[in-house]
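# Observations on chain architecture
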Amino acid sequence: MDNSLELLNYFSKETPSWGVRELAKEMGISHSIVYRTLASFEKYGFLEQDPKTKRYELGLRFLEFGQMVKEKMRLSEHVYPIMKRLAGKVEESIFLTWLDKSDGVTVEIAESTHRIKYEVSLGTRTPLYAGASCKVIMAYLSKEKQLEITREGMKAFTKNTILDEEILLSDLDEIKKKGWCYSVGEFSDAVFGLGVPLFNSQNEIIASLTISGPEYRVEEMDFEVALTHLLQEAKEIQGYLNHFSSHYK
């Protein structure tokens, strides 16, 4: 059972499809075990196999489950209008990122009206050590969890990704003191992010709200005004999350 669930974690935005032997080698287990597991997931719609390449990809069942979770949280009804309002105020895209173990997952987006904008797909998974939307979450985790993440292994997404553990931990301490995080080009080149944390009713970090866009437009943006708007709208979203998390513990 553990191998089956672990297998699904190998399907990501960076590696959305796998062949049987390729995945078996990556996981270090028998290709016959991998084949049986993939076939079972395909049978129930969790995976699909390309008839030409014979490679497996995630199936529509995950889309159904994701939509069920989103509807339970009623993000579109309660949170998206606030994000859309913020996007109009700062004229950049707004992202709601949810904590999932050692990653941040994009669960809602209010896009900028600019033709040139930073685009991310719903469901995009990002490690917590890279970029404002994720680092502002990581800053509020326990020191033990932070060390667990850094020691699992970090990789460079750009030349600005912080890979030195001591520097990263110091950066996280500073983020927590300020209550917000600003980064440029840590996960995607020439992209800035300005993020603030969101908590559940027990004051545990669960998500973040982030303004993001092309780096060249930062000079046109009044940073203090943008941060003020971000904090104001995050406070309203926080009120909803407090209510939501108290009902779905």
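Computed from a predicted structure; not experimentally measured.

### Details of the environment of Tyr140
Along the polypeptide, Tyr140 turns up in the loop between α7 (132–138) and α8 (143–151). Taking the C-alpha atoms as reference, Tyr140 lies 8.0 Å from Glu204; in sequence the two are 64 residues apart. In this structure Tyr140 touches Ile175, Lys176, Gly179, Pro197, Phe199 and Ile205, once residues within four positions along its chain are discounted.

### Here we look at the pattern of salt bridges
In the structure shown here, the tally under the stated rule is 12 salt bridges. Here the residues in one salt-bridge network are Arg85, Lys89, Glu233 and Glu236, joined through shared partners.

### Remarks on unusual backbone geometry
In this model, Glu91 sits at a positive phi of 60°, which is unusual for a non-glycine residue. The residue Asn203 is not glycine, and still its phi comes out positive at about 65°. Relative to the helices and strands, Asn203 resides in the loop between β8 (191–199) and β9 (205–214).

### Things to note about the sheet that holds strand β3 (residues 56–58)
Spatially, the three strands line up as an open sheet ordered β1-β3-β2, and their pairing is antiparallel. Looking at which strands have only one partner, the edges of the open sheet turn out to be β1 (17–18) and β2 (47–49). Of the strand pairs in this sheet, β2 and β3 are connected by three bridges, and their pairing is antiparallel. Residue pairing in the sheet places Gln49 in a bridge with Tyr56 of β3.

### Some points on the sheet that holds strand β5 (residues 103–110)
Across the sheet, which stays open at both edges, the six strands sit in the order β6-β5-β4-β9-β8-β7 with antiparallel pairing between neighbours. A single partner strand is all that each edge strand has here, and the edge strands are β6 (125–127) and β7 (181–184). Sheet twist, expressed as the average angle between the axes of neighbouring strands with direction ignored, equals 30°. Contacting β4 (93–100), β5 and β9, helix α6 (residues 80–90) crosses the sheet at an angle of about 75° to β5.

### With respect to α6
Taken together, the buried positions of α6 are occupied by Ile82, Met83, Leu86, Ala87 and Val90. Each buried residue of α6 lies within a common arc of 140° when the element is viewed along its axis, so the set occupies one face. Following α6 by one or two positions, Glu91 has its phi on the positive side, about 60°.

### A few points about a nonpolar patch on the surface
Side chains of Leu58, Phe62 and Phe65 sit close together on the surface and give an oily, nonpolar patch of about 230 Å² of accessible area. Here Phe62 is to be found in helix α4 (residues 60–73). On the accessibility criterion, Phe62 (30% relative accessible area) is partly exposed.

### Things to note about the packing of aromatic side chains
Scanning the model with the defined rule gives eight aromatic pairs in all. Their ring planes at 85° and their centres at 6.1 Å tell us that Tyr10 and Trp18 sit as a pair that is edge-to-face. Given the relative accessible area of 7%, Trp18 is considered buried. One aromatic cluster in this structure is built from Trp180, Tyr182, Phe192 and Phe223. Here Lys178 stacks its cationic end above the ring of Trp180, 4.1 Å away from the centre of that ring.

### Concerning the pairing of β4
Residues in a regular strand point their side chains to alternate faces of the sheet. Counting buried positions along β4 yields six of eight residues, so the element is predominantly enclosed. Where β4 meets β9, six bridges bridge the pair, whose relative direction is antiparallel. Counted as the bridge partner of Trp98 is Ala207 from β9. Relative to β5, β4 is paired through seven bridges, and the arrangement is antiparallel. Bridging from a neighbouring strand, Asp100 pairs with Asp103 of β5. Between β4 and β5, which pair antiparallel in sequence order, lie two residues; one of them, Lys101, sits at a positive phi of approximately 60°.

What counts and how
- Residues numbered from 1 in each chain as written.
- Predicted model: local features only at pLDDT ≥ 70, side-chain atom pairs only at ≥ 80, totals over all residues.
- Heavy atoms only, no water.
- Helix = DSSP H or I, 4+ residues; strand = E, 2+ residues; numbered from the N terminus.
- Contact = heavy atoms within 4.5 Å.
- Salt bridge = Lys/Arg side-chain N within 4 Å of Asp/Glu carboxyl O.
- Pairing = 2+ DSSP bridges.
- Axes fitted to C-alpha atoms, helices over the stretch in contact; angles between N-to-C directions.
- Buried < 20%, exposed > 50% of the residue type's maximum accessible area, 1.4 Å probe, protein only.
- Arc of directions from axis to C-beta.
- Patch = residues over 30% accessible without salt bridge, like charges linked within 9 Å, V, L, I, M, F, W, Y side chains within 5 Å.
- Areas by Shrake-Rupley, 256 points an atom, 1.4 Å probe, with all protein chains shown as cover.
- Phe/Tyr/Trp six-rings, centres within 6.5 Å; stacked < 30°, edge-to-face > 60°.
- Lys NZ or Arg CZ within 6 Å of the ring centre and 35° of its normal.

That is the geometry; function is a separate question.
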